[in-house]
Amino acid sequence: MRIIFTLLALLLLPLAAVAQDFGRLVAQVALQPLPEAETPDIDLLLRTQWKAYYNAGGPHGFFRDQVRAGRIDLNEDGRAELFILIDSPAWVSAKGQPLLVAGWTSRGWAPIGWSFADSDSVFVTSERIDGWATIQTPTQALQRVGKGYQAIDRR
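Residues numbered from 1 in each chain as written. Predicted model: local features only at pLDDT ≥ 70, side-chain atom pairs only at ≥ 80, totals over all residues. Heavy atoms only, no water.

A.B. asks: Let's hear about the side chain of N75: which residues, and what values?
C.D. replies: Structurally, the position occupied by N75 is in the loop between β3 (67–72) and β4 (81–86). Relative accessible area serves as the criterion here: at 19%, N75 is assigned to the buried category. The residues contacting N75, other than those within four sequence positions of it, are E81, R128, G131 and W132. (Helix = DSSP H or I, 4+ residues; strand = E, 2+ residues; numbered from the N terminus. Buried < 20%, exposed > 50% of the residue type's maximum accessible area, 1.4 Å probe, protein only. Contact = heavy atoms within 4.5 Å.)

Here it is, written out as structure tokens:
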């Protein structure tokens, strides 16, 4: 009988991990194309994080018109964090497109989390860890750990 329970527990364990609750969805992050006007703070972040690819040719190069951005306050401090999605066919993976979450510092935007998503599938949930909201995409959840976010695969 113990063997049956052990086998049953081993079979159900992966289902429990998939069914992890990250809270209810409370807000969608509106990821929009970058404005035509200059955005030097966002351009600097793009040049820093994707140095070899932003405004570059080649198979993985991308330009402003292939970037989406959105802002939402994740820790209710009155300052919104920045979300950047690379919306280029060359960057699509099985998990989605690259998503960067950044926080404002005295030196500009700094990455606090990385994930994958689609332009209409990034949500903030009701779950809070140390005052910071959890972020949910179709394939991952980002939970606050220390000074940044850790991605957890959802499937």
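A.B. asks: Outline the sheet that holds strand β9 (residues 140–145), supporting the account with residue identities and numerical values.
C.D. replies: Strand order across the open sheet formed by 5 strands is β1-β7-β8-β9-β10, with antiparallel pairing between neighbours. The open sheet is flanked by β1 (25–28) and β10 (148–153), the only strands paired with a single partner. Along the sheet, successive strands turn relative to each other by an average axial angle of 35°, direction set aside. Across 2 bridges, the pairing between strand β8 (residues 132–136) and β9 is antiparallel. For Q136, the partnering residue across the bridge sits in β9 and is A141. (Pairing = 2+ DSSP bridges. Axes fitted to C-alpha atoms, helices over the stretch in contact; angles between N-to-C directions.)

A.B. asks: A description of the packing of aromatic side chains should follow, citing residues and the corresponding values.
C.D. replies: By the definition in use, this model includes 7 aromatic pairs. When the centroid spacing of 5.5 Å and the interplanar angle of 70° are considered together, the rings of W50 and W114 count as edge-to-face. Of the two residues, W50 is situated in the loop between α2 (40–49) and β3 and W114 in strand β6 (residues 108–117); the sequence distance between them amounts to 64 residues. Their ring planes at 80° and their centres at 6.2 Å tell us that W132 and Y149 sit as a pair that is edge-to-face. Residue W132 is located in strand β8, and its partner Y149 is located in strand β10; the two are separated by 17 residues in the primary sequence. Overall, the relative accessible area of 15% leaves W132 in the buried class. Chaining the aromatic ring pairs together yields one cluster made of W50, Y53, Y54, F62, W91 and W114. (Phe/Tyr/Trp six-rings, centres within 6.5 Å; stacked < 30°, edge-to-face > 60°.)

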